[in-house]
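# Structure assessment
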Amino acid sequence: MSSTFFIKKKGNLKLTQKGKNTAVLKRKADGEPGGKSKLRAKKPNSKYNEEISSDSETDGPIDPRDRQSDEDSDYDETPQEKKLRLAKLYLDQLKEQEEDKAEKDSFETDLIAGRLQEEVLEQKGKLQRLIAKDLNPPDASEIRLLRGHKLPITCLVISPDEKYIFSAAKDCSIIKWDVESGKKLHTVFGGRKGTQDRHVGHTAHILCMAIASDGKYLATGDVNKLIMIWEAGTCKHLYTFTGHKAPVSGLSFRKGTHDLYSASHDRSVKVWNVDENAYVETLFGHQDAITGLDSLSREMCVTAGGRDCSVRVWKIAEESQLVFHGHEGSIDCIQLINEEHMITGADDGSVSLWSVNKKRPLSTVKKAHGCHGDAGLEQAHWVSSVAALQNSDTVASGSHNSTVQLWKCGQNYRGLEPLFSIPVPGFVNSLKFSSSGQFLVAGVGQEHRLGRWWRLKEAKNAVYIIPLKRKLPIPEETNIAE
């Protein structure tokens with residue numbers, strides 16, 4: 001660029017030098033008729049004159065290839081500009097892809113965030129899913145009856161995948177049921193008294209049962225002070241734990257582990273490691289026979305102390321316990337709703353709702369299942385079993401008044417309101433909700449699981465599967481969806 005600049009400068013100097021000569025020629029040629037045309041004929045031959053007069057009209061035609069090359073030179077991209085343009089295109093494409101993904105992922109991210117929030121609340125014991133308002137009482141024809149035990153059913157559990165039910169009874173037998181078909185998949189028959197040395201299984205009334213949260217192990221406890229560990233898939237006997245000095249009345253696996261807690265009429269709580277087939281420790285504190293036990297994922301368990309009228313929270317790691325009082329009679333059953341709330345039932349007919357942070361019940365419903373007996377001598381129906389749908393506001397209780405009662409917990413678990421009752425004739429000795437809340441299972445017998453104070457001949461020793469129906473959506477919403 002600098003070379004062309006100096007060339008033009010030199011050209012101008014030559015023109016100025018020639019200008020003097022041309023002026024002389026002009027004066028000489030004023031009188032000559034052909035002088036002017038000679039001078040004009042020299043202009044097209046001058047290269048520099050063509051550059052000066054480029055803006056004015058030219059005599060010759062312009063080559064279109066020259067014009068196109070000029071236009072192309074104006075729009076030629078430098079490498080940097082090309083990189084910038086391609087980068088912008090790439091960013092625009094990414095933006096479009098991200099916008100498309102955002103719509104798809106927004107729902108998933110909301111679900112993940114909600115799940116994480118639920119897990120945090122669950123660990124804190126503050127999660128309360130509001131399910132009770134959507135439940136409808138089932139029709140009597142929808143309740144399924146599974147018969148197989150000869151004597152009253154005392155306990156049952158549901159497998160974590162909700163495909164199987166395990167039940168045990170006073171006939172010392174264990175039956176594995178298929179939920180969908182209602183058929184018996186496996187039966188472990190009970191043995192006669194005195195044959196425990198050669199019989200694989202129980203030879204005395206089975207009082208309690210528990211299943212691990214991964215469905216691997218099944219544990220059962222009987223009146224003979226024995227705890228038996230079974231492989232849940234095949235019902236194969238694995239181990240037998242001995243150590244209690246009285247009937248084993250409560251069993252529970254810690255959620256997410258194979259640590260087993262057991263309670264007994266000998267007033268003690270024992271901790272076992274099933275993986276290692278080992279005894280861990282013993283905890284003392286109750287003043288009477290323990291009648292029920294439950295646990296969740298924390299390293300603690302809760303127990304019902306029967307006639308000592310106390311509920312105790314055992315903190316295993318800290319080797320400490322909290323004592324709660326509230327019922328006037330023997331506390332026969334207990335169930336955790338979440339890590340910080342529980343439900344209990346007693347033979348005074350009351351159902352109580354507790355928090356581990358309060359020494360007294362948050363709410364108590366007296367005569368929850370009504371009364372029986374002659375006028376003036378009425379007695380409340382004993383509450384023989386309770387169940388809770390974990391981390392929800394729905395609980396259930398059973399007695400021998402031929403009904404299972406469902407309850408709604410108030411906000412922050414302050415208060416119990418009756419929802420509806422389900423007709424189930426007999427002693428409801430065990431209740432369990434499925435983890436999804438789709439159905440409720442009741443273990444029913446002609447007698448109470450802990451004794452023979454009454455006998456209801458019209459009752460059937462059976463397992464009842466009760467579907468929990470949800471309310472249909474509002475018609476306006478269904479119309480919009482259609």
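Owing to the predicted nature of the structure, the values given are computational and were not obtained by experimental measurement.

### A closer look at the overall build of the chain
If you tally the helices and strands in the chain, you get 6 helices and 32 strands. Looking at the chain as a whole, 44% of its 482 residues are labelled buried. When contacts within the chain are restricted to residue pairs at least 6 apart in sequence, long-range pairs at least 24 apart make up 49% of them. Element-wise, carbon and sulfur atoms account for 50% of the exposed surface of the chain, whose accessible area totals about 27400 Å².

### Some remarks on the pattern of salt bridges
In the structure shown here, the tally under the stated rule is 11 salt bridges. As a salt-bridge pair, Glu339 and Arg298 come within 4.0 Å of each other at their nearest N and O atoms. Highlighted residues: Glu339 in the loop between β19 (331-338) and β20 (341-346) and Arg298 in the loop between β15 (292-295) and β16 (300-304), separated in sequence by 41 residues. Each of Lys170, Glu447, Arg452 and Arg455 takes part in a single network of salt bridges with overlapping partners.

### Section: the sheet that holds strand β4 (residues 164-169)
A sheet is described by the order of its strands in space; here 4 strands give the open sequence β3-β4-β5-β6, paired in antiparallel fashion. Of all the strands in the sheet, the pair left with one neighbour each is β3 (153-158) and β6 (184-188). Going from strand to strand, the sheet's axes swing by 15° on average, the running direction of each strand aside. The pairing of strand β5 (residues 174-178) with β6 spans 4 bridges and is classified as antiparallel. Within β6, the residue paired with Lys176 across the bridge is His186.

### Side note on the sheet that holds strand β28 (residues 416-423)
Sheet strands associate in pairs through backbone hydrogen bonding, adopting either a parallel or an antiparallel arrangement. With respect to topology, 4 strands assemble into an open sheet ordered β25-β26-β27-β28, the strand pairing being antiparallel. At either end of the open sheet lies a strand with only one pairing partner, and these are β25 (385-388) and β28. Across the sheet, the mean angle separating the axes of adjacent strands is 20° when strand polarity is ignored. Relative to strand β26 (residues 394-398), β25 runs antiparallel, the two being bridged by 4 bridges.

### As for the nonpolar core
One finds Val404, Leu406, Ile422, Val424, Leu431, Leu440 and Tyr464 to be the most contacted residues of the largest nonpolar core, which totals 21 residues. Apart from residues no more than four positions distant in its own chain, Leu406 is found in contact with Leu135, Thr394, Val395, Ala396, Glu417, Pro418, Leu419, Phe420, Ile422, Leu440 and Leu468. Core analysis: the second largest hydrophobic core is formed by 16 residues, Ile337, Ala388, Val395 and Leu416 among them.

### Side note on the side chain of Ser350
Mapped onto the fold, Ser350 is located in the loop between β20 and β21 (351-355). Looking at Ser350, the relative accessible area reads 3%, which means it is buried. Engagement of the side chain of Ser350 in a polar contact is seen with the side chain of His327, the distance being 2.8 Å.

### A look at the state of the cysteines
One pass over the full model with this rule turns up 0 disulfides. Cys208 takes part in no disulfide bond, and the closest cysteine sulfur, belonging to Cys155, lies 6.4 Å away.

### A closer look at the confidence of the model for the chain
Counting all residues, the mean pLDDT for the chain is 82, and 77% of those residues have values of 70 or more. Across residues 1-59 the pLDDT falls below 50, and counting only partners more than four positions away or on other chains, this stretch makes 8 contacts in the model. Scored below 50 in pLDDT, residues 69-73 shows 0 contacts in the model against residues more than four places distant or in partner chains.

### Notes on the side chain of Gln405
Assignment of secondary structure puts Gln405 in strand β27 (residues 403-409). Gln405 gets classed as buried once you look at its relative accessible area, which sits at 11%. A distance of 3.3 Å separates the side chain of Gln405 from the backbone oxygen of Phe420, its partner in a polar contact. The contact partners of Gln405, leaving out residues within four places of it in the chain, are His369, Val395, Ala396, Ser397, Pro418, Leu419, Phe420 and Ser421.

### So, the environment of Lys176
Relative to the assigned elements, Lys176 resides in strand β5. Residue classification places Lys176 among the buried residues on the basis of a relative accessible area of 7%. What Lys176 contacts, discounting residues up to four positions off in sequence, is Tyr164, Ile165, Phe166, Lys183, Lys184, Leu185, His186, Ala232, Gly233 and Cys235. Here the side chain of Lys176 touches Ala232 through a polar contact of 3.3 Å, landing on its backbone oxygen.

### Some points on the environment of Ser430
Take Ser430: it is sitting in strand β29 (residues 427-433). Spatially, the C-alpha atom of Ser430 lies 9.7 Å from that of Ser399, the residues being 31 residues apart in sequence. Setting aside residues no more than four positions away along its own chain, Ser430 makes contact with Thr154, Cys155, Leu156, Ser385, Val441, Ala442 and Gly443. At 3.4 Å, the side chain of Ser430 and the backbone nitrogen of Leu156 are in polar contact.

### Section: the packing of aromatic side chains
In total, this model carries 7 aromatic pairs according to the counting rule given. Ring plane angle 5° and centroid distance 4.7 Å describe the contact between Phe241 and Trp272, whose orientation is recorded as stacked. Of this pair, Phe241 sits in strand β10 (residues 236-241) while Trp272 sits in strand β13 (residues 268-273), and the two are 31 residues apart along the sequence. Of the two residues, Phe241 and Trp272, neither departs from the other in class, the shared state being buried.

### Here we look at the pairing of strand β30 (residues 439-445)
A large share of β30 lies buried, amounting to 7 of its 7 residues. Alternating residues of β30 divide into Phe439, Val441, Gly443 and Gly445 and Leu440, Ala442 and Val444, and every residue in both groups is buried. Of the pairings in the sheet, the one linking β29 to β30 comprises 6 bridges and is antiparallel in character. Bridge pairing in β30 links Val428 to Val444. The antiparallel hairpin formed by β29 and β30 contains 5 residues in its connecting segment, where Gly437 sits at a positive phi of about 80°. Pairing geometry for β30 and strand β31 (residues 462-467), over 6 bridges, is antiparallel. Its bridge partner lying in β31, Val444 is registered against Ala462.

### Remarks on a negative patch on the surface
Residues Asp92, Glu96, Glu99, Asp100 and Glu103 make up a contiguous surface patch of negative charge. Relative to the helices and strands, Asp100 is located in helix α5 (residues 79-124).

Rules used in this analysis
- Numbering of residues begins from 1 in every chain and follows the order in which that chain's sequence is written.
- Two thresholds apply to this predicted model, a pLDDT of at least 70 for residue-level local features and 80 or more for giving and counting side-chain atom pairs, whereas whole-chain, interface and lining totals are computed over all residues.
- Water and hydrogen atoms play no part in the side-chain values, which are based on all heavy atoms of the structure.
- Under the DSSP-based scheme used, a helix requires at least four consecutive residues in state H or I and a strand at least two consecutive residues in state E, with every element numbered from the N terminus.
- In this scheme, a residue with accessible area under 20% of its type's maximum is buried, one over 50% is exposed, and one in between is partly exposed, where area comes from a 1.4 Å probe on protein chains only.
- We call two residues in contact whenever any of their non-hydrogen atoms come within 4.5 Å of each other.
- Using a 1.4 Å probe, accessible areas were evaluated by the Shrake-Rupley method; residue-level cover was limited to the displayed protein chains.
- Take a side-chain nitrogen of Lys or Arg and a carboxyl oxygen of Asp or Glu: if they are within 4 Å of each other, that pair is a salt bridge.
- In this analysis, strands are considered paired if DSSP registers two or more bridges between them.
- Each axis is a line fitted through C-alpha atoms, taken for helices only over the stretch in contact, and angles between the N-to-C directions span 0 to 180 degrees.
- Note on terminology: a nonpolar core comprises buried Ala, Val, Leu, Ile, Met, Phe, Trp, Tyr and Cys residues joined through side-chain atoms within 4.5 Å.
- The term polar contact refers here to a pair of N or O atoms within 3.5 Å; inside protein, the definition further demands a hydrogen-donor-capable atom paired with an acceptor-capable atom, and it admits residues adjacent in sequence only when both atoms are side-chain atoms.
- Disulfides are defined as cysteine sulfur pairs within 2.5 Å.
- A score from 0 to 100, pLDDT tells how confident the predictor is in each residue.
- Planes of paired rings set the category: under 30 degrees apart is stacked, over 60 is edge-to-face and the rest tilted, where pairs are Phe, Tyr or Trp rings (Trp by its six-membered ring) whose centres lie within 6.5 Å.
- Nonpolar side chains (Val, Leu, Ile, Met, Phe, Trp, Tyr) within 5 Å and like charges within 9 Å form the patches, drawn only from residues with over 30% relative accessible area and no salt bridge.
- For the purpose of charge, His is not counted, nor are the chain termini; Lys and Arg are scored as positive and Asp and Glu as negative.
- Note that the charge is assigned to NZ on lysines, CZ on arginines, CG on aspartates and CD on glutamates.

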